[in-house]
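Now for the letters of each chain:
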Amino acid sequence: MPTVVVTGANRGIGLECVKQYAADGWKVHALCRRPEKAAELEAVSGAVEIHAADVMQHASINETANGITDPVDVLIANAGVHGKAAGEFGALEYDVWRSVIETNVFGAVATAEAFAQHVKKAKGKIAFISSKMGSIGDASGGGMAYRTSKTALNMAAKVIAAALAGDDIAVAPFHPGWVETDMGGPNALIDTGESVSGLRNLIGEMTVTASPKFLSYDGAEIEW
Ligand SMILES: NC(=O)c1ccc[n+]([C@@H]2O[C@H](COP(=O)([O-])OP(=O)(O)OC[C@H]3O[C@@H](n4cnc5c(N)ncnc54)[C@H](OP(=O)(O)O)[C@@H]3O)[C@@H](O)[C@H]2O)c1
């Protein structure tokens, strides 16, 4: 039975990852901040184990990782925040911006570090859920905190891909689409089912490379 680890597993894209992998017969380690409040996650049937982990608290991720002994075929670093309250240039709230970077960059990278040994054991894959909003080539302005966090995450993904290629681990960042979740809002273009089906196909096709591409859920390549 292949094993997947998902962060931010209690709602949105992370929850849908849990549902789809569990329905496909995978063992799922579902990480979330407050398992006691994750009723929808608890209701998912299949081989799902729920663990507490706040990606801003590196000790919490390490403790959770240390408690899991399975080799990990796929790690999905999905947890993220938008941080609209960081505001825009001219009136930036640096404490909020800092917390966005701590979650979207440090949190994702710390998750990869915590589970790197598990992924090595399986010669597995690490997928970072990034955003097209992190593309410098595509950027139209606005969204300072979120955009800079995802740009940094993309660079981190490339650095980690190069660091782990020698261990036969495939690493890449992905854009999940504009998805109807709490973050994506009601006007989003696709639902979580469509996003995660696409992401799962792409994750299935990931290969070991020191220089991954930045792909959208539908396979379209996005400019860095
Ligand atoms: N929706 C979109 O249109 C869209 C587009 C591009 C990229 N993305 C990316 O896709 C990923 C998932 O987004 P989503 O749309 O599913 O958002 P969402 O519905 O707002 O869910 C965000 C998830 O991240 C978790 N999270 C936030 N901070 C955390 C922390 N410090 N530790 C652990 N978990 C934390 C949340 O947990 P709590 O419930 O505890 O807050 C929640 O499970 C994010 O990385 C986001 O940037 C989304």
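Residues numbered from 1 in each chain as written. Predicted model: local features only at pLDDT ≥ 70, side-chain atom pairs only at ≥ 80, totals over all residues. Heavy atoms only, no water.

Draft legend 1. Summary view of helix 6 (residues 192-205). Helix length check: helix 6 (14 residues) gives 20 Å between terminal C-alpha atoms against 20 Å at 1.5 Å per residue, within 8%. Regarding helix 6, the residues found buried are Thr192, Ser195, Val196, Gly198, Leu199, Leu202 and Ile203. Burial along helix 6 is one-sided: seen end-on, the buried residues are contained in an arc of 160 degrees. Within helix 6, the exposed residues directed more than 90 degrees away from the buried face are Asn201, Gly204 and Glu205. Of the surrounding secondary structure, the elements contacted by the buried residues of helix 6 are helix 1 (12-23), strand 4 (74-77), strand 5 (125-129), strand 6 (170-175) and strand 7 (215-216). (Helix = DSSP H or I, 4+ residues; strand = E, 2+ residues; numbered from the N terminus. Expected span 1.5 Å × (residues − 1). Buried < 20%, exposed > 50% of the residue type's maximum accessible area, 1.4 Å probe, protein only. Arc of directions from axis to C-beta. Contact = heavy atoms within 4.5 Å.)

Draft legend 2. Seen up close, the packing of helix 1 against helix 6. Packing of helix 1 against helix 6 brings their axes to within 9 Å, and their N-to-C directions diverge by 65 degrees. Relative to helix 6, helix 1 is oriented so that their crossing is right-handed. Residues Gly12, Ile13, Glu16, Cys17, Gln20 and Tyr21 of helix 1 form the contact with helix 6, whose participating residues are Thr192, Gly193, Val196, Ser197, Leu199, Arg200 and Ile203. Per-class residue counts for the contact of helix 1 with helix 6 are six nonpolar, five polar and two charged. (Axes fitted to C-alpha atoms, helices over the stretch in contact; angles between N-to-C directions. Left-handed = near helix turned anticlockwise from the far one by under 90°. Nonpolar A, V, L, I, M, F, W, Y, C, P; charged D, E, K, R; others polar.)

Draft legend 3. Quick look at the packing of aromatic side chains. Inspection of the entire model under this criterion finds three aromatic pairs. Centroid distance Tyr21 to Trp26: 4.7 Å. Interplanar angle 65 degrees. Geometry classified as edge-to-face. Of the two residues examined, Tyr21 and Trp26, each falls in the buried class. Measuring from ring centre to ring centre gives 5.6 Å for Phe214 and Trp224, while their planes differ by 20 degrees; the resulting arrangement is stacked. (Phe/Tyr/Trp six-rings, centres within 6.5 Å; stacked < 30°, edge-to-face > 60°.)

Draft legend 4. Up close: the environment of Val196. By the element assignment, Val196 lies in helix 6. Put simply, Val196 and Glu16 are 180 residues apart on the chain and 6.7 Å apart in space, counted from C-alpha to C-alpha. Setting aside residues up to four positions removed in sequence, Val196 forms contacts with Ile13, Glu16, Cys17 and Gln20.

Draft legend 5. Spatial organisation of the site of the ligand. The environment of the ligand is formed by 30 residues, the closest being Asn10, Arg11, Arg33, Tyr146 and Thr181. In this structure, a nitrogen atom belonging to the ligand sits 2.8 Å away from a side-chain N or O atom of Asp54. Contacts to the ligand include Asn78, whose backbone N or O atom sits 2.8 Å from an oxygen atom. When isolated, the ligand has an accessible area of 890 Å², and the protein chains bury 95% of it. Looking at the shell around the ligand, the elements that each hand over two or more residues are helix 1 and helix 5 (144-164). Split by residue class, the shell around the ligand holds twelve nonpolar, twelve polar and six charged. (Near = heavy atom within 4 Å. Polar contact = N/O pair within 3.5 Å; in protein donor to acceptor, adjacent residues only side chain to side chain. Areas by Shrake-Rupley, 256 points an atom, 1.4 Å probe, with all protein chains shown as cover.)

Draft legend 6. Representation of the pairing of strand 4. Alternating residues of strand 4 divide into Val74 and Ile76 and Leu75 and Ala77, and every residue in both groups is buried. Inspection of the sheet shows strand 1 (residues 3-7) paired to strand 4 by three bridges, in the parallel sense. Paired with Val4 across the strands is Val74, a residue of strand 4. Note: strand 4 against strand 5, four bridges, orientation parallel. Each residue of the ladder has a partner; that of Leu75, found in strand 5, is Ile126. In this fold, the crossover linking strand 4 to strand 5 by way of helix 4 (residues 94-122) has right-handed handedness. (Pairing = 2+ DSSP bridges. Right-handed = clockwise from strand over helix to strand, strands pointing away.)

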